[in-house]
Amino acid sequence: MAEPVVTAAALEPLSETRLDPKPHGELLTYNPSIELFARAAGPRTLEIWRSNGQSVVKASQKGDKQTVEALRWKTDGEFLAVGWSDGVVRLMGLENSKAVHLISVCQSGEAKITCIGWTRNRTGKRAAVTAKPGTSWEKLSLEGLSLGEKNNKQDLPRELTFLEVETALPKLSPLPATGGSGDDMYVFTTRSSLEFLFRPFSPETADLVDVMLVGTDDEAIHLSIYDSFVIGKFQYTIPAAEMPEPLDAVPSLKLTHHASHQDLTTHSLLLQPSTGEEKNQIYLVPMDLTFIHSTLENLSLLASKTTTLQKLIRYVRQVQIHMMADWQSTRELPHRFLDSINDTLKETGKYGQMDVGQAMYHTVVTGHTFPEVKEWLVDQLAERGHKRWDKAVVSGLESVRNLVHENFLPALERIATILSRLLGIARFHDSKDEIGFTGIQITKVMDMVSSLMLVGNKILLAVMEELELFRAFSTWIRYEIDRLASSTVSDELTEKEATMEHGRILTYIQQFMPASPLRFYLSKVTTEDAARESANAEGITPLFDIVDKHIKKQEEGKQQQTTITQIEYIEGLLGRHADVVFQGIATAGKRSVRFGQLQHIKLEHDIAKLDIQMRSVAEVNHNAETYIALTEQERENSVHVFRAQTMIINGISGGVMTQHSHLQLGGSTVIDVKFLNEESLLVLLALAENDIRIIKVPHTSVNLGYHVYDPWVPAEPHVLNTEQVVSVFPNAKVPLESGFMPGQMEVREASSQRGQIPARVALLGKDGQTYKVFSLPRHIL
């Protein structure tokens, strides 16, 4: 006889979407703070859409074989991390459909991305700032910064530490949508994307560190902080002393789930065998990020400035690419025109080695035009050709001028400001190993920035001079075309001739038309030339002095073109020396990462569904509790909850004690399990064919019947019948209109970051296409 079923209120629907095609590999995720959804729309396509069904992004990567392997929203919902089969995790911002950060975790084809974990940690307790009564800063704090209440006093040293001077600088300007190169060619092209990327550092979040872990199936775990600052790669293998049982070979593991708590710098990693066998086993490993726990305020400041520095260097590289492309465009078309007449003059053989420049100079001085030049001007170049020439040169030079003035120099000023802050940090720490870089290294990078500023200002002066001279030359060329094509000299032509600036025209013909002075700064640099120059430049003499010396010689005509004054070469040096600093910081952090005691969990049958949650028990020296909810394929009504407890002292985890609770939920079928928060485990349960419910299991409760876990001794289940299930656990009924039957669940807590959004549950139907979102009633929260 069937058990009586207690009625329950139905979930309130928020949105419904029809997915076509089905999500690939169950890759479907809901933004935690805004009504946005992301999925793999087929193996090679990423799609992001709104709750009303409107598609925001639908994109794929170049190459037919690149597939989506993992998806994860950032904790605050501002980025979506997408792991692709080429081994790159691309971070997509809400303001830009293009990837704003690229993190390479493995080589294409060598490994597969299995998991992306993204969380936020609080740094260790910052040292209390003390001062004797009557000191100047305390007096200022009491008199000038007090808001009337003692607990509202500003901490002046802290405020000075996080003083954001960059906000006083002009905002960076977007780059043109065309002319860039590489993965960043569209990242900096809109105002919204720039504001999204270069947000000012917030002292309110100075104690928080965003942490991202990426796991691959070759036992590798990649750690990065602050969105894109890579700490390094870790290879985890089971220590021989912690092998759960005698085996012929140590199993290869892959990261599949990750959990952490904001107040704990120890993370819980859940690994499973990479081979696909032993699907009934998992391995729980603590990962201690002691560099986050032990740091003072400098970590957030240091990481924020270095990640901004990385983005600014990428921005400068794109500006440099645009400048070189625009300058090249000013030379290509005119050279084609000039080469044509030069070939003609050479073929006639009447004028010796004379070229078109000499012929034009002759015309300006004497008024006489050689027949071949006249034919070229009137019949070949003509009005149409002149307009193309004028447009190519003027637009290209103006673009270079604008890029230097609005993009290049302002970005270098911001870089210099950040380097000044990093130099202060290095000197404060006396260049100790704990920060990973030295004042000498920062000074070297500042030398590169100063050199780029020098070259940038020289480019600005040169391009403005060339633009002015070309306009005079272009006016004369048009006058010559009209004069030579006309049988009589009109009054208009006579007036134009009277206004000609012949000195500027001759200067352009002699000094700029054959070879622009911009070639000293904007020419392509070969790999061989760069390597050869680097070997000579890495000396005691600052690069700025060397560049300045070469520029002066070039301006005096004593030296020809050289690699060391080229913007591409100096920018490459800047990138390489900055990478040394970044790598040093990463290495210092990597030394402070350790793996704790392994816990092996083994079930009788293969694991069907799985979720993990971490909790901080602050009453006892920050004990950490990791909860793992599991279901088995052969036991449809069972839910296993494991509780792993460990004490964390000074950011280092100790021994792990694991407890186990086995729930049998009547004659029901468990569809999915997900943790809503630290107190609530939600179970999607089919009580009957047309009765689907979400029940709340208080997984921290002592009434759950936890006992010490022994993988070799089967747990005695805690059996409830159907009536007990719905009477003991708070629950809500899932509406099943139009034959909807859920097969996958995702839960999100309430959010107020971008408007009030209630706690909600998203259900994907068993058909793989119906996707519904419901708000959770208060009694389940």
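Since we're looking at a predicted model, the values are computed, not measured.

Chemist: With reference to specific residues and values, describe the nonpolar core.
Modeler: Of all hydrophobic cores here, the largest spans 149 residues; its most connected members are Trp-376 and Phe-473. Per element, the largest residue contribution to this core is 23 residues, and it comes from helix α7 (residues 371–428). When neighbours within four sequence positions are excluded, Phe-473 is seen to be in contact with Met-360, Trp-389, Ile-505, Tyr-508, Ile-509 and Met-513. One finds Leu-663, Val-673, Phe-675 and Leu-681 within the second-largest nonpolar core, a separate group that totals 21 residues.

Chemist: Can you break down the domain arrangement of the protein chain residue by residue, with the values?
Modeler: According to the domain assignment, the protein chain consists of domain 1 (12–125 + 159–297 + 596–775) and domain 2 (306–587). Put simply, the middle of domain 1 and the middle of domain 2, counted by C-alpha atoms, are 50 Å apart. Listed as interface residues are 31 residues of domain 1 and, on the opposing side, 26 residues of domain 2. It is Leu-172, Leu-175 and Phe-229 in domain 1 that bury the most area against domain 2; as a group they hold 26% of the surface buried on that side. Applying the counting rule to domain 1 against domain 2 returns 1 salt bridge. One salt bridge connects Arg-314 with Asp-184, and the closest N-O pair in it is separated by 2.9 Å. Here domain 1 and domain 2 share 9 residue pairs in polar contact (both at pLDDT 80 or more) between them. If you list the elements that add at least two residues to the side of domain 1 that touches domain 2, you get β9 (99–104), α3 (191–197) and β13 (229–235).

Chemist: I'd like to hear about the state of the cysteines, residue by residue, with values.
Modeler: All chains considered together, the criterion is met by 0 disulfides. In this model Cys-106 remains outside any disulfide bridge; the closest cysteine sulfur is found in Cys-115, 14 Å from its own. A relative accessible area of 9% places Cys-106 in the buried class.

Chemist: Let's hear about helix α14 (residues 567–590): which residues, and what values?
Modeler: Counted at 1.5 Å a residue, the expected span for α14 with its 24 residues is 34 Å, and the 34 Å between its end C-alpha atoms agrees. Here α14 lies mainly inside the structure; 18 of its 24 residues are buried.

Chemist: With reference to specific residues and values, describe unusual backbone geometry.
Modeler: Between Asp-20 and the following residue, Pro-21, the backbone shows a cis peptide bond with an omega angle of 5°. Mapped onto the secondary structure, Pro-21 falls in the loop between β1 (12–18) and β2 (28–30). Its identity is not glycine, yet Glu-26 carries a phi of approximately 60°, on the positive side. Mapped onto the elements, Glu-26 comes out in the loop between β1 and β2. At Ala-382, a position not held by glycine, the phi torsion is positive, near 55°. The topology assignment puts Ala-382 in helix α7.

Chemist: Let's hear about the environment of Met-614: which residues, and what values?
Modeler: Inspection of the secondary structure puts Met-614 in strand β19 (residues 607–617). For Met-614, a relative accessible area of 2% corresponds to the buried category. Those residues in contact with Met-614 that lie beyond four places of it in its chain are Ala-259, Ser-260, His-261, Leu-264, Thr-266, His-267, Ser-268, Ala-624, Glu-625, Thr-626 and Glu-678.

Chemist: Break down the side chain of Ser-173 for me, with residues and values.
Modeler: As for its placement among the helices and strands, Ser-173 is situated in the loop between α2 (156–161) and α3. Setting aside anything within four residues of it in sequence, one finds Ser-173 in contact with Arg-191, Leu-194, Tyr-315, Glu-406 and Asn-407.

Chemist: Go over the pairing of β13, please, and point to the residues and values.
Modeler: Each regular strand carries side chains that alternate between the two faces of the sheet. When strand β12 (residues 220–225) meets β13, the two strands line up antiparallel, connected through 6 bridges. Counted as the bridge partner of His-222 is Lys-233 from β13. Adjacent in sequence and paired antiparallel, β12 and β13 are bridged by 3 residues, among which Tyr-226 carries a positive phi angle near 50°.

Chemist: Provide a residue-level description of the side chain of Thr-562, including the pertinent values.
Modeler: When you line up the elements, Thr-562 lands in the loop between α13 (543–555) and α14. Among the residues examined, Thr-562 registers a relative accessible area of 14% and is labelled buried. Ignoring any residue separated from it by four or fewer positions in sequence, one finds Thr-562 in contact with Phe-520, Glu-533, His-550 and Gln-554.

Here is what the cut-offs are and how they apply
Residues numbered from 1 in each chain as written. Predicted model: local features only at pLDDT ≥ 70, side-chain atom pairs only at ≥ 80, totals over all residues. Heavy atoms only, no water. Core = buried A, V, L, I, M, F, W, Y, C linked by side-chain atoms within 4.5 Å. Buried < 20%, exposed > 50% of the residue type's maximum accessible area, 1.4 Å probe, protein only. Helix = DSSP H or I, 4+ residues; strand = E, 2+ residues; numbered from the N terminus. Contact = heavy atoms within 4.5 Å. Domains from an automatic or database assignment. Buried area = accessible area lost by both parts, 1.4 Å probe. Salt bridge = Lys/Arg side-chain N within 4 Å of Asp/Glu carboxyl O. Polar contact = N/O pair within 3.5 Å; in protein donor to acceptor, adjacent residues only side chain to side chain. Disulfide = S-S within 2.5 Å. Expected span 1.5 Å × (residues − 1). Pairing = 2+ DSSP bridges.

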